[in-house]
Amino acid sequence: MKAVIRQRYGDPLELRDAPTPPVGPRGVLVEVRAAGVDQGVWHLATGLPYAVRVAGFGLRRPKQPVLGLDLAGVVRAVGPEVTRFRPGDEVFGTGDGTYAELALSSPDRLARKPETISFAQAATVAGSGVAALQGLRDAGRLRAGQRVLILGAGGGVGSFAVQIARILDAEVTGVCSAAKAGLVRSLGAAHVVDYAAGEPSGRWDLILDTGGARPLRTLRRLLTPTGSLVIVGAEGGGRWLQGADRQLRAGLLNGFTRQHLTGLMSRAAAEPLETLASWMENGSLVPAVERTFPLAEAAEAIAYLRAGRPLGKVALTI
């Protein structure tokens, strides 16, 4: 099969021949039709911050040479212990080395793809969509009628978060660039703030920070006295943490304030994937995919993402 490979962190990405992964007793081999592009892929390609390596992805070199986590495709084969899926099923979720024609996954990392969305749309859901759902519903404890501020509302996680917050009957304010304001309004935000105009004014019950660098003290001033702050991602900073220190400091401070402060490490699993699938099935959630790239242009797709250009999500098509 063809796959996008790097043998060492920071190596150029190359489209090369690779062996088909073996299907174990509980394995699901997926013929990949599309794969998602998000910030996590860049971290796995570069090995930065170093905390990524310590987390189990390989200290000196990647354990998995084929890049990619999110996928959508058609089941090619299943192991003898798998009962949830069978060959021919259209699925989406996560896998190991998904920037390839074939990728190995497992039943608890997949859900059936709704007919209402394309493979490219479905491929963007497992990382960003699950992070948005778990950040709002689980970590943020969102309740109907609350006011939610979403920082980075025009990006990957943010574009899902705006829609999910509306599904959960919250009033949404989205912060984004002026170029992405139209998208954020179309996704259901009641109010849109241009981040270049300065900090938004007001107080919110929940703030979902999808990757900014605002200090905790600034974010806390925007919360109600018992509001919740969920830091989903972080970019910038040193080579060890690259901004993830805000998540750590939020957790340490959480026990000393009435406000609920936390970071989020999301994980795609059957329940959140199926919840998102049900919303996509009825049309209340539509992945906002601005652009697709062919598999051979994976490096260009990641560079496009890192430049902050996408209105929503980017995907690779195979």
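What counts, and at which threshold
What you see as residue numbers is a count from 1 along each chain, following the sequence as written. Confidence filtering applies because this is a predicted model: local features only for residues at pLDDT of at least 70, side-chain atom pairs given and counted only at 80 or more, and all residues used for totals across whole chains, interfaces and linings. With hydrogens and water set aside, each side-chain value is computed from the structure's full complement of heavy atoms. Runs of H or I in DSSP of at least four residues are treated as helices and runs of E of at least two as strands, each being numbered from the N terminus. As defined in this context, the radius of gyration uses C-alpha atoms, and a globule is described by 2.2 Å times the residue total to the power 0.38. Burial classes follow relative accessibility: with a 1.4 Å probe on protein chains only, a residue under 20% of its type's maximum area counts as buried, one over 50% as exposed, and anything between as partly exposed. In what follows, a contact means two residues having at least one pair of non-hydrogen atoms within 4.5 Å. Note on areas: these come from Shrake-Rupley sampling with a 1.4 Å probe, and a residue is covered only by the protein chains present in the view. Counting rule for charge: Lys and Arg are taken as positive, Asp and Glu as negative, and neither His nor the chain ends is counted. A charge is said to be at NZ when it belongs to Lys, at CZ for Arg, at CG for Asp and at CD for Glu. Only when DSSP finds a minimum of two bridges between them are two strands counted as paired. Axis definition: a line fit to C-alpha positions, over the contact stretch in the case of helices; interaxial angles, taken between N-to-C directions, run 0 to 180 degrees. The pairing test for Phe, Tyr and Trp rings, Trp by its six-membered ring, is centres within 6.5 Å, and the orientation test on the planes gives stacked under 30 degrees, edge-to-face over 60, and tilted for anything in between. Lysine NZ or arginine CZ positioned within 6 Å of the ring centre and within 35 degrees of the ring normal marks a charge as sitting over the ring. Oblique is the label for every angle not falling under 35 degrees (roughly parallel), over 145 degrees (roughly antiparallel), or within 65 to 115 degrees (roughly perpendicular). Throughout, the ten residues Ala, Val, Leu, Ile, Met, Phe, Trp, Tyr, Cys and Pro are labelled nonpolar, Asp, Glu, Lys and Arg are labelled charged, and all others, Gly among them, are labelled polar. In this text, buried Ala, Val, Leu, Ile, Met, Phe, Trp, Tyr and Cys residues form a nonpolar core when linked through side-chain atoms within 4.5 Å.

Draft legend 1. Spotlight on the overall build of the chain. The number of helices and strands found in the chain is ten helices and 15 strands. The C-alpha atoms of the chain give a radius of gyration of 19 Å, which matches the 20 Å a tight globule of 318 residues would have. Taking the principal axes of its C-alpha atoms as reference, the chain extends roughly 55 × 45 × 35 Å. Out of the 318 residues in the chain, the part that is buried amounts to 54%. Counting only contacts in the chain whose residues sit at least 6 apart along the sequence, the fraction spanning at least 24 positions is 65%. Split by element, the accessible area of the chain, about 13,600 Å² in all, is 52% carbon and sulfur. Looking at the chain, you have 37 positive and 28 negative side-chain charges, and the mean spots of the two groups are 7 Å apart.

Draft legend 2. Representation of the sheet that holds strand 8 (residues 147-151). Taken together, six strands build an open sheet; the order of strands is 10-9-8-11-12-13 and the sheet is parallel. This sheet does not close on itself; its edge strands, each paired only once, are strand 10 (191-194) and strand 13 (260-263). Neighbour-to-neighbour, the strand axes of the sheet open up by a mean angle of 15°, direction not taken into account. As paired strands, strand 8 and strand 11 (residues 204-209) are joined by four bridges and run parallel to one another.

Draft legend 3. Representation of the packing of aromatic side chains within the structure. A full pass over the atoms with the stated rule returns one aromatic pair. Against the face of Phe119 rests Lys113, its NZ or CZ located 4.8 Å from the ring centre. One cation-aromatic arrangement involves Arg306 over Trp42; the distance from NZ or CZ to the ring centre is 3.6 Å.

Draft legend 4. Here's a closer look at unusual backbone geometry. A positive phi angle, close to 55°, is found at Arg141, a residue other than glycine. With respect to the helices, strands and loops of the structure, Arg141 is situated in the loop between helix 4 (125-139) and strand 8. In this model, Asp169 sits at a positive phi of 65°, which is unusual for a non-glycine residue.

Draft legend 5. Representation of the packing of helix 4 against helix 9 (residues 270-281). Between helix 4 and helix 9, whose axes approach to 10 Å, the crossing angle comes to 100°. One way to sum up the angle between helix 4 and helix 9 is to call them roughly perpendicular. For the pair formed by helix 4 and helix 9, the contact residues are Val125, Ala126, Gly129, Val130, Leu133, Gln134 and Arg137 on the first element and Glu271, Pro272, Leu273, Thr275, Leu276, Trp279 and Met280 on the second. Counted by class, the contact of helix 4 with helix 9 contains nine nonpolar, three polar and two charged residues.

Draft legend 6. Layout of the nonpolar core. Core analysis: the largest hydrophobic core is formed by 50 residues, its most contacted members being Phe92, Leu136, Val162, Ile164 and Leu276. The greatest single-element share of this core, amounting to eight residues, is contributed by helix 4. With sequence-adjacent residues up to four places away left out, Leu136 is seen in contact with Arg141, Leu142, Val148, Ala161, Ile164, Ala165, Leu206 and Leu208. Trp42, Tyr99, Tyr304 and Leu305 belong to the second-largest nonpolar core, a separate cluster that totals 20 residues.

Draft legend 7. Here's a closer look at the environment of Leu48. Its place among the elements puts Leu48 in the loop between helix 1 (39-46) and helix 2 (50-57). Through-space distance from the C-alpha of Leu48 to that of Gly10 is 9.1 Å; in sequence the pair is 38 residues apart.

These figures come from the coordinates and say nothing about function on their own.
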